[in-house]
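# What the coordinates show
What follows is the residue order along each chain.
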Amino acid sequence: MSVLDPSIVQKLKQAAGPSGWSEDPAEIAPHLREWRGRWKGESQLLLRPRETGDVARILSVCDETGTAVVPQGGNTGLVGGQIPTSGEVLLSLERMNRIRSVSLEDNTLIAEAGVVLASAQKAAGEAGRLFPLSLAAEGSCTIGGNVSTNAGGVNVLRYGMTRDLVLGLEVVLANGRVLDLMRGLRKDNTGYDLKQLFIGAEGTLGIVTAAMLKLFPKPAGYTTVLVAIPGVEVAVELLNRLQDFSFRLMTAYEIMERRALDLVFKHIPGTADPFPEHPGWTLLIEISNPSAFDATEALEQALARALEEGRIVHALFAKTARDREALWRLRETIPEAQRLDGASIANDISVPLSRIAEFIRSGEQAVRAVLPEARVFTFGHVGDGNLHFAVQAPGHDAALLAAREAIERAVQEETAKLRGSISAEHGLGLAKNDAIARYRSADEITLMRALKQTLDPKNILNPGKLLPSGRG
Ligand SMILES: Cc1cc2nc3c(=O)[nH]c(=O)nc-3n(C[C@H](O)[C@H](O)[C@H](O)COP(=O)(O)OP(=O)(O)OC[C@H]3O[C@@H](n4cnc5c(N)ncnc54)[C@H](O)[C@@H]3O)c2cc1C
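These notes cover the structure that comes with them. (Residues numbered from 1 in each chain as written. Predicted model: local features only at pLDDT ≥ 70, side-chain atom pairs only at ≥ 80, totals over all residues. Heavy atoms only, no water.)

This next bit is on the overall build of the chain. Counting its regular elements, the chain contains 18 helices and 18 strands. Taking 23 Å as the expected radius of gyration for a compact globule of 472 residues, we find that the chain reaches 23 Å, a close match to that expectation. By principal-axis analysis of the C-alpha atoms, the chain measures approximately 75 × 55 × 45 Å. Excluding contacts between residues fewer than 6 apart, the proportion of contacts in the chain whose partners are at least 24 apart in sequence is 73%. Carbon and sulfur atoms make up 52% of the accessible area of the chain, which amounts to about 20,300 Å² in all. Put simply, the chain has 52 plus and 57 minus side-chain charges, and the middle of one group is 2 Å from the middle of the other. (Helix = DSSP H or I, 4+ residues; strand = E, 2+ residues; numbered from the N terminus. Rg over C-alpha atoms; globule rule 2.2 N^0.38 Å. Contact = heavy atoms within 4.5 Å. Areas by Shrake-Rupley, 256 points an atom, 1.4 Å probe, with all protein chains shown as cover. Lys, Arg positive; Asp, Glu negative; His and termini not counted. Charge placed at Lys NZ, Arg CZ, Asp CG, Glu CD.)

If you want it as structure tokens, here you go:
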């Protein structure tokens, strides 16, 4: 491990304040392991600022001394972006966890970077509003991480990605200057929208210290239904049909292949199979109802017609809040069940909705051409064209992991053929920073490098992440 110069360590500790740092390996260790255990980091110094001013001072020292710094929020990122390597300082924003304000007139909430997403949702709820970003990691991931990964989740269909939910940002630049982009206007065409640069930048362009988030009316209730369909082809046609029936109030449209659900029943206690005899695909559909309208009847009618036509096989409506929770548990525990089941390769792709069925067929063929023992299961945010395309090879874990690169490449090539994205919502981090050079044009990569050079000329902000490691 390369050791930081003691004088630099001293300056960084001073900048962070007496309780704002740790050199204790036991305290640092959990920050160096990520959720899937794929990357193991190294860092001798953990900095834990409390205030924006602390971050500004820390960055000034990093700038002056050329010290690389890796920001981290809840450490739930799935591409290794938050994991430091030797000689890098880890900057955890977890203590910057205050809700600065809630405005019912502006319908906004200002949260510091370390506010856990579930706490932001709760604060919005207590004020009688909704902050709609929602994902399975919401009990641990943070607003700073959500902004920096442009997180998606289960409500994108109606409310958009994090990018659509941010009205303002406070960012500390590589040189320690604080950039106040907190105007919070819904209309502002005075030049480039700079805050958008930092959203989805994975900590490579600046440190997000606070965000002004958009709030929405709280739904009066939910219509939640689990629907068994005979084949994946039905999913998209049904989506458009149900959107019309529900006045486009649908918030979630998730898909789960049988194999994904089987893993949940195998590994997650307290889950039960609602359609034991159904071998095919299952949709989890949710409409968030405004107070003046309840979409349940309209959805029941639409699904009854689809049942008569053989478009769907079963439909199970949640009758109580507990039923709703149980249905969501099936979807939300798939990543955990996948992790508990042994080795797997996760692919987070998106394709145009019209090409989903085609992708699932050709993607599976391409994977099997690499490793005949491999089997694929798909789940995810099908309403957004975003599929988590997971590859396992039961009994052949070593072969699977040895073939990781070739399998990922095969999936990426199939995605690209359909003009899809090789990273729909998890970002690039260390996992796909080289791959991106194949799928974004040379002009795009050059422009990204130019932005990085302008905002981080000494390459101290999360170096080696997001952008291709070579100069090509
Ligand atoms: C079970 C599970 C389910 C998930 N489901 C989804 C999903 O549905 N949709 C989705 O989009 N993601 C999902 N994720 C991925 C992950 O939760 C998101 O990427 C989340 O936004 C990361 O937030 P975090 O606070 O954990 O960030 P971290 O993991 O700590 O960091 C993620 C990236 O952001 C950077 N970063 C963190 N904080 C800052 C900051 N303040 N300033 C600058 N850069 C920063 C890091 O350097 C890193 O590059 C899931 C993860 C898990 C484990």
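So, about the site of the ligand. Close to the ligand lie 36 residues; Pro71, Gly73, Thr76, Gly77 and Thr142 are nearest. One nitrogen or oxygen atom from the main chain of Asn75 is found 3.0 Å from an oxygen atom belonging to the ligand. Coverage of the ligand by the protein chains reaches 96% of its 970 Å² of free accessible surface. When contributions to the shell around the ligand are tallied by element, the ones reaching two or more residues are strand E3 (69–72), helix H5 (143–149) and strand E10 (207–214). Tallying contributions element by element places H5 first for the shell around the ligand, with five residues. A per-class count over the shell around the ligand returns 13 nonpolar, 21 polar and two charged. (Near = heavy atom within 4 Å. Polar contact = N/O pair within 3.5 Å; in protein donor to acceptor, adjacent residues only side chain to side chain. Nonpolar A, V, L, I, M, F, W, Y, C, P; charged D, E, K, R; others polar.)

Membership of the largest hydrophobic core comes to 47 residues, with the highest contact counts inside it found for Ile229, Leu238, Leu242, Tyr253, Leu283 and Phe359. Per element, the largest residue contribution to this core is six residues, and it comes from helix H9 (residues 233–245). Once you skip the residues sitting within four places of it in the chain, Leu283 turns out to touch Val225, Leu226, Val227, Ile229, Ala235, Leu238, Tyr253, Glu254, Ile255 and Val382. Membership of the second largest hydrophobic core comes to 31 residues, among which are Cys141, Val147, Leu165 and Leu455. (Core = buried A, V, L, I, M, F, W, Y, C linked by side-chain atoms within 4.5 Å. Buried < 20%, exposed > 50% of the residue type's maximum accessible area, 1.4 Å probe, protein only.)

Close approach of charged atoms allows side chains of opposite charge to pair. In the structure shown here, the tally under the stated rule is 32 salt bridges. Among the ionic pairs, Glu444 bridges to Arg440, the shortest N-O distance being 2.9 Å. Residue Glu444 is classed as partly exposed on the basis of its relative accessible area of 31%. It is possible to trace a salt-bridge network through shared partners that takes in Glu51, Arg98, Arg100, Glu112 and Glu170. (Salt bridge = Lys/Arg side-chain N within 4 Å of Asp/Glu carboxyl O.)

Another point: the environment of Leu316. Within the secondary structure, Leu316 is located in strand E15 (residues 314–317). The exposure class of Leu316 is partly exposed, given its relative accessible area of 34%. Sequence-wise, Leu316 and Leu226 are 90 residues apart; in three dimensions their C-alpha atoms are separated by 5.1 Å.

For the rest of this paragraph, the subject is the sheet that holds strand E16 (residues 345–350). Across the sheet, seven strands lie side by side as E15-E12-E14-E13-E17-E18-E16; this open sheet has antiparallel pairing. If you trace the sheet from one side to the other, it starts and ends with E15 and E16, each paired once. Shown here is a sheet whose adjacent strand axes are inclined to one another by a mean of 20°, direction ignored. As defined by bridge partners, strand E12 (residues 221–229) adjoins E15 across four bridges and the pair is classed as antiparallel. For Ala228, the partnering residue across the bridge sits in E15 and is His314. Taken strand by strand, helix H14 (residues 356–370) contacts strand E14 (281–289), E16, strand E17 (375–381) and strand E18 (386–392), and its axis lies near 20° from that of E18. (Pairing = 2+ DSSP bridges. Axes fitted to C-alpha atoms, helices over the stretch in contact; angles between N-to-C directions.)

Moving on, we get to unusual backbone geometry. Positive phi outside glycine occurs at Asn75, with the angle close to 60°. The class for Asn75 is buried, based on a relative accessible area of 15%. For Asn150, which is not glycine, the phi torsion reads 45° and is therefore positive. If you trace the backbone, Asn150 turns up in the loop between H5 and helix H6 (156–159). You can call Asn150 buried: its relative accessible area is 11%.

Geometric values such as these leave the question of function open.
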